[in-house]
Amino acid sequence: DAGITQSPRYKITETGRQVTLMCHQTWSHSYMFWYRQDLGHGLRLIYYSAAADITDKGEVPDGYVVSRSKTENFPLTLESATRSQTSVYFCASSDRGLNQPQHFGDGTRLSIL
Amino acid sequence: SQQGEEDPQALSIQEGENATMNCSYKTSINNLQWYRQNSGRGLVHLILIRSNEREKHSGRLRVTLDTSKKSSSLLITASRAADTASYFCATYSSGNTPLVFGKGTRLSVIA
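What this report covers is the structure whose coordinates are included nearby. (Residues numbered from 1 in each chain as written. Chains lettered and ligands numbered in written order. Predicted model: local features only at pLDDT ≥ 70, side-chain atom pairs only at ≥ 80, totals over all residues. Heavy atoms only, no water.)

1. Quick notes on the overall build of chain A
For step 1, the next point in the chain: Secondary structure summary: chain A contains zero helices and eleven strands in total.
For step 2, the next point in the chain: When the elements of chain A are put in sequence order from the N terminus, they spell out β-β-β-β-β-β-β-β-β-β-β.
For step 3, the next point in the chain: Taking 2.2 N^0.38 as the reference for a compact globule, 113 residues should give roughly 13 Å; the C-alpha atoms of chain A span a radius of gyration of 13 Å, in line with that estimate.
For step 4, the next point in the chain: Reported as C-alpha extents along the three principal axes, the dimensions of chain A are approximately 40 × 30 × 25 Å.
For step 5, the next point in the chain: Taken over 113 residues, chain A has a buried fraction of 50%.
For step 6, the next point in the chain: A separation of at least 24 residues holds for 55% of the contacts in chain A among residues at least 6 apart in sequence.
For step 7, the next point in the chain: For chain A, the accessible area works out to roughly 5400 Å², and carbon and sulfur atoms hold 45% of it. (Helix = DSSP H or I, 4+ residues; strand = E, 2+ residues; numbered from the N terminus. Rg over C-alpha atoms; globule rule 2.2 N^0.38 Å. Buried < 20%, exposed > 50% of the residue type's maximum accessible area, 1.4 Å probe, protein only. Contact = heavy atoms within 4.5 Å. Areas by Shrake-Rupley, 256 points an atom, 1.4 Å probe, with all protein chains shown as cover.)

Here it is as structure tokens:
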């Protein structure tokens with residue numbers, strides 16, 4: 001089924017561990033985004049990418065790493081997880097430009113103990 | 001930091017009533033978008049209104065934009081229980097600045 005898929009849907013890990021969240025889209029959209037959603041903060045942009053091998057920092061990039069070797073994949077890595085990174089993470093994509101509507105995955109709920 | 005600020009934070013209405021949510025923003029925009037988020041799901045794009053537009057309709061949705069007041073409103077007419085969700089506005093300013101989302105309004109429609 002076409003769309004944007006995030007995996008895993010739920011993840012529990014411990015502080016200090018590395019964890020990678022996966023995002024895959026089947027539309028060949030140029031732009032991809034990673035957000036975190038926390039109570040009281042709404043949706044905050046972590047990183048985004050305009051095309052393969054092009055990434056830019058968003059509002060809250062510290063502690064996260066992204067890569068985009070293929071157009072359809074945009075993994076997000078927490079190199080050394082901290083409790084403050086407990087959140088729901090959303091991946092999104094858009095075609096044609098930063099001003100265009102975004103299509104979201106259903107999120108990964110990440111808990112760091 | 002948030003550009004758009006939704007008001008109210010939460011809204012509870014009876015089925016069949018109209019629901020109005022507002023979004024205020026701080027700097028000039030190119031367009032403003034509204035999204036819906038059902039519990040446990042990702043955001044879904046509803047409607048986009050450009051800075052030179054004043055009103056836009058899509059089914060039971062009506063969006064207005066007042067650039068002089070830096071505000072937008074989303075009206076859902078004849079609400080249904082299925083409209084229960086959080087609603088977010090997102091603003092696009094210019095150039096290489098991505099969309100900035102507000103914190104959302106939680107709408108509960110009671111049957």
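Moving on, there is more to tell.
2. Re the state of the cysteines
For step 1, the next point in the chain: Here the structure, examined in full by the defined rule, presents two disulfides over all chains.
For step 2, the next point in the chain: Shown here is the disulfide that connects Cys-23 of chain A with Cys-91 of chain A, its sulfur atoms set 1.9 Å apart. In this structure the cystine formed by Cys-23 of chain A and Cys-91 of chain A twists about its S-S bond by roughly -75 degrees; its chirality is therefore left-handed. Of this pair, Cys-23 of chain A sits in strand β3 (residues 19-25) while Cys-91 of chain A sits in strand β9 (residues 87-94); the two residues are 68 residues apart in sequence, bridging distant segments of the chain. Just as Cys-23 of chain A is buried, Cys-91 of chain A falls in that class too.
For step 3, the next point in the chain: Disulfide pairing is shown between Cys-23 of chain B and Cys-89 of chain B; the S-S distance is 2.0 Å. What sets the handedness of the Cys-23 of chain B and Cys-89 of chain B disulfide is the S-S torsion sign, and at about 65 degrees it is right-handed. Note that Cys-23 of chain B is positioned in strand β3 (residues 19-24) and Cys-89 of chain B in strand β9 (residues 85-92), a separation of 66 residues in sequence. (Disulfide = S-S within 2.5 Å.)

3. With respect to the environment of Glu-17 of chain B
For step 1, the next point in the chain: Looking at where Glu-17 of chain B falls in the secondary structure, it is placed in the loop between β2 (10-14) and β3.
For step 2, the next point in the chain: Ignoring any residue separated from it by four or fewer positions in sequence, one finds Glu-17 of chain B in contact with Ile-76, Thr-77, Ala-78 and Ser-79 of chain B.

4. Points about the sheet that holds β3 of chain A
All names here are of chain A.
For step 1, the next point in the chain: Overall, antiparallel pairing links the four strands, which are arranged β1-β3-β8-β7 in an open sheet. Each having just a single partner strand, β1 (4-7) and β7 (64-66) make up the two edges of the open sheet. Adjacent strand axes in the sheet meet at a mean angle of 15 degrees, parallel and antiparallel pairs treated alike.
For step 2, the next point in the chain: Where β3 meets strand β8 (residues 76-78), three bridges bridge the pair, whose relative direction is antiparallel. Bridging from a neighbouring strand, Leu-21 pairs with Leu-76 of β8. (Pairing = 2+ DSSP bridges. Axes fitted to C-alpha atoms, helices over the stretch in contact; angles between N-to-C directions.)

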